[in-house]
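# Chain and residue survey
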Amino acid sequence: MLSRRKWPLAFLIAQLMAISYVAASSSQVPEATEQEIRVRMLTNQGEVLLALYPQQAPITVENFLTYIREDFYRGTIFHRIIDNFMIQGGGFTQTFEQKPTRSAILNEANNQQPNVRGSLAMARLSPPHSATSQFYINLVDNPGLNYRSSTNQGWGYCVFGRVIAGMSVVDKIGKMPTRAMGPFSADYPIQPVIILKMEVLTNS
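Residues numbered from 1 in each chain as written. Predicted model: local features only at pLDDT ≥ 70, side-chain atom pairs only at ≥ 80, totals over all residues. Heavy atoms only, no water.

Along its length, the chain carries three helices and ten strands. Secondary structure of the chain in N-to-C order comes out as α-β-β-α-β-β-β-β-β-α-β-β-β. The 204 residues of the chain split such that 44% are buried. In the chain, 69% of the contacts between residues at least 6 apart in sequence involve partners at least 24 apart. Taken as a whole, the chain presents about 11300 Å² of accessible surface, with 55% of it coming from carbon and sulfur. (Helix = DSSP H or I, 4+ residues; strand = E, 2+ residues; numbered from the N terminus. Buried < 20%, exposed > 50% of the residue type's maximum accessible area, 1.4 Å probe, protein only. Contact = heavy atoms within 4.5 Å. Areas by Shrake-Rupley, 256 points an atom, 1.4 Å probe, with all protein chains shown as cover.)

Moving on to the side chain of Ser133. Assignment of secondary structure puts Ser133 in the loop between β5 (119-122) and β6 (135-138). Classification of Ser133 as buried rests on a relative accessible area of 1%. A distance of 2.8 Å separates a polar atom in the side chain of Ser133 from the backbone oxygen of Gly90. If we ignore the near neighbours within four places in the chain, the residues touching Ser133 are Tyr67, Phe72, Tyr73, Gly90, Gly91, Thr101 and Met122. (Polar contact = N/O pair within 3.5 Å; in protein donor to acceptor, adjacent residues only side chain to side chain.)

This paragraph deals with helix α3 (residues 167-174). Inspection of α3 places Met167, Val169, Val170, Ile173 and Gly174 among the buried residues, and these make up the whole buried set. Down the axis of α3, the buried side of the element spans an arc of 155 degrees, and every buried residue falls inside it. (Arc of directions from axis to C-beta.)

Turning our attention to the sheet that holds strand β2 (residues 46-52). Within a sheet, each strand pairs with its neighbour through backbone hydrogen bonds, oriented either parallel or antiparallel. Pairing is antiparallel in the open sheet, where eight strands are placed in the order β3-β4-β6-β5-β7-β2-β1-β10. The two strands at the open ends of the sheet, each matched to only one other strand, are β3 (76-82) and β10 (195-200). Sheet twist, expressed as the average angle between the axes of neighbouring strands with direction ignored, equals 30 degrees. Sheet topology places strand β4 (residues 86-93) next to β6; four bridges connect them, and they run antiparallel. From the neighbouring strand, Gly89 faces β6, where its bridge partner is Phe135. Across the sheet, helix α2 (residues 58-69) lies against β1 (37-43), β2, β5, β6, β7 (159-165) and β10, angled at about 120 degrees from β10, the strand it touches most. Packing against the sheet, α3 makes contact with β1, β2, β3, β4, β6 and β7, and its axis sits at approximately 115 degrees to β2. (Pairing = 2+ DSSP bridges. Axes fitted to C-alpha atoms, helices over the stretch in contact; angles between N-to-C directions.)

Structure, rendered in structure tokens:
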């Protein structure tokens, strides 16, 4: 059995400071590089700053930017929230209407960008090349969503950016209680999560 040892107060304070320093360092997010495109997403839960990968996923990034330029995302919701998995939005209005979209795009998941915590990726239907406007942000590492092969089962989901600030907002959304609502059989947040605005912060 482990016994409780009485440590000097100064030692305990030093340990706490060291733990706080490590936590602060690990929570820092990298800034966007010169090749990346920054996008600000303002939601009713807070602001999230995204960096897009035009070199690794040019078709996907241009598709996303086109929807932003057309102000498509204003007033859309995050309609699927699964704790310890991801949050998904960008296709439905607050009255559960699915917005008409542009044509589906080529799946660029074979760029080998991984579905890791904080990464931004395209949602889609079962056919691999069916993504339009909907996207998701990974709350944890999700290697099962990565590209494995150029088959219907292996294509995976294309990562085309990442969160560089505001991951605490994403985590807060991910922890919100959900229920069945409207056309959604589950995972819809009891308190609506609304995208108020998206804007590009760098030239594209």
